[in-house]
Amino acid sequence: MRSQQMSLAKIAIHRTIPRSVDQRNEPRYTDIVERADIFFRGERHAVRVINISCPGTMIESEIMPRLGETVLVEFEACSRIHAFVRWVREGRIGLNFGHEIVL
């Protein structure tokens, strides 16, 4: 069962019509945070932060979470934030925070 779950995270979901515009309402920042610690299934993982916005972040990591799974994110000198997994693709993970943060 475990190997089957891991393989499902690598399945690409293809769009029939590509996005023609960025549908996000919030700007993504690439130069605010470089690294974070993720607490995933009881273990701490140092991860690279690709970008961050008020409602979430994109990280780079080898962990293989399930969609909707909860993790804790800790940025340097900040409190831990609950987040849930929105997507997983090619070593990158999209996380939504449990509440919006102020950047």
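Scroll up to find the structure.
First things first, this report covers the structure right here in the doc. (Residues numbered from 1 in each chain as written. Predicted model: local features only at pLDDT ≥ 70, side-chain atom pairs only at ≥ 80, totals over all residues. Heavy atoms only, no water.)

**Looking at the overall build of the chain**
Argument step 1. Of regular secondary structure, the chain possesses one helix and six strands.
Argument step 2. Each helix and strand of the chain, placed in order from N terminus to C terminus, yields the pattern α-β-β-β-β-β-β.
Argument step 3. Burial statistics for the chain: of 103 residues in total, 34% are counted as buried.
Argument step 4. Looking at the chain alone, contacts between residues at least 24 apart form 46% of all its contacts between residues at least 6 apart. (Helix = DSSP H or I, 4+ residues; strand = E, 2+ residues; numbered from the N terminus. Buried < 20%, exposed > 50% of the residue type's maximum accessible area, 1.4 Å probe, protein only. Contact = heavy atoms within 4.5 Å.)

**Some details on the nonpolar core**
Argument step 1. Ranked by size, the top nonpolar core spans 20 residues in total, and within it Ile38, Val71, Val73, Phe75, Ile93, Leu95 and Phe97 carry the most contacts.
Argument step 2. Looking at this core, the elements that each hand over two or more residues are strand S1 (35-40), strand S2 (43-52), strand S4 (70-75), strand S5 (81-89) and strand S6 (92-97).
Argument step 3. Examining the composition of this core, we find that four residues originate from one element, S5, more than from any other.
Argument step 4. Leucine 95 has contacts with Ile38, Pro55, Gly56, Thr57, Ile59, Val71, Val73, Ala83, Phe84 and Val85, leaving out every residue within four places of it along the chain. (Core = buried A, V, L, I, M, F, W, Y, C linked by side-chain atoms within 4.5 Å.)

**Remarks on the pairing of S5**
Argument step 1. As paired elements, S4 and S5 share four bridges and run antiparallel to each other. By the bridge assignment for S5, valine 73 is matched with isoleucine 81.
Argument step 2. Counted between consecutive antiparallel strands, the loop separating S4 from S5 contains five residues, among which alanine 77 sits at a positive phi close to 60 degrees.
Argument step 3. Strand direction decides the pairing type here: S5 and S6, joined by six bridges, are antiparallel. Among the inter-strand pairings, valine 85 is bridged to a residue of S6, identified as leucine 95. (Pairing = 2+ DSSP bridges.)

**Here we look at the packing of aromatic side chains**
Argument step 1. Scanning the model with the defined rule gives one aromatic pair in all.
Argument step 2. Plain terms: the ring middles of phenylalanine 75 and phenylalanine 97 are 6.3 Å apart, the flat faces sit at 90 degrees to each other, and that makes the pair edge-to-face. Within this pair, whereas phenylalanine 75 is found in strand S4, its partner phenylalanine 97 is found in strand S6, the two being separated by 22 residues in sequence.
Argument step 3. Residue phenylalanine 75 is classed as buried on the basis of its relative accessible area of 5%.
Argument step 4. Relative accessible area serves as the criterion here: at 6%, phenylalanine 97 is assigned to the buried category.
Argument step 5. Positioned over the ring face of phenylalanine 39 is arginine 80, at 3.9 Å from the centre of the ring. (Phe/Tyr/Trp six-rings, centres within 6.5 Å; stacked < 30°, edge-to-face > 60°. Lys NZ or Arg CZ within 6 Å of the ring centre and 35° of its normal.)

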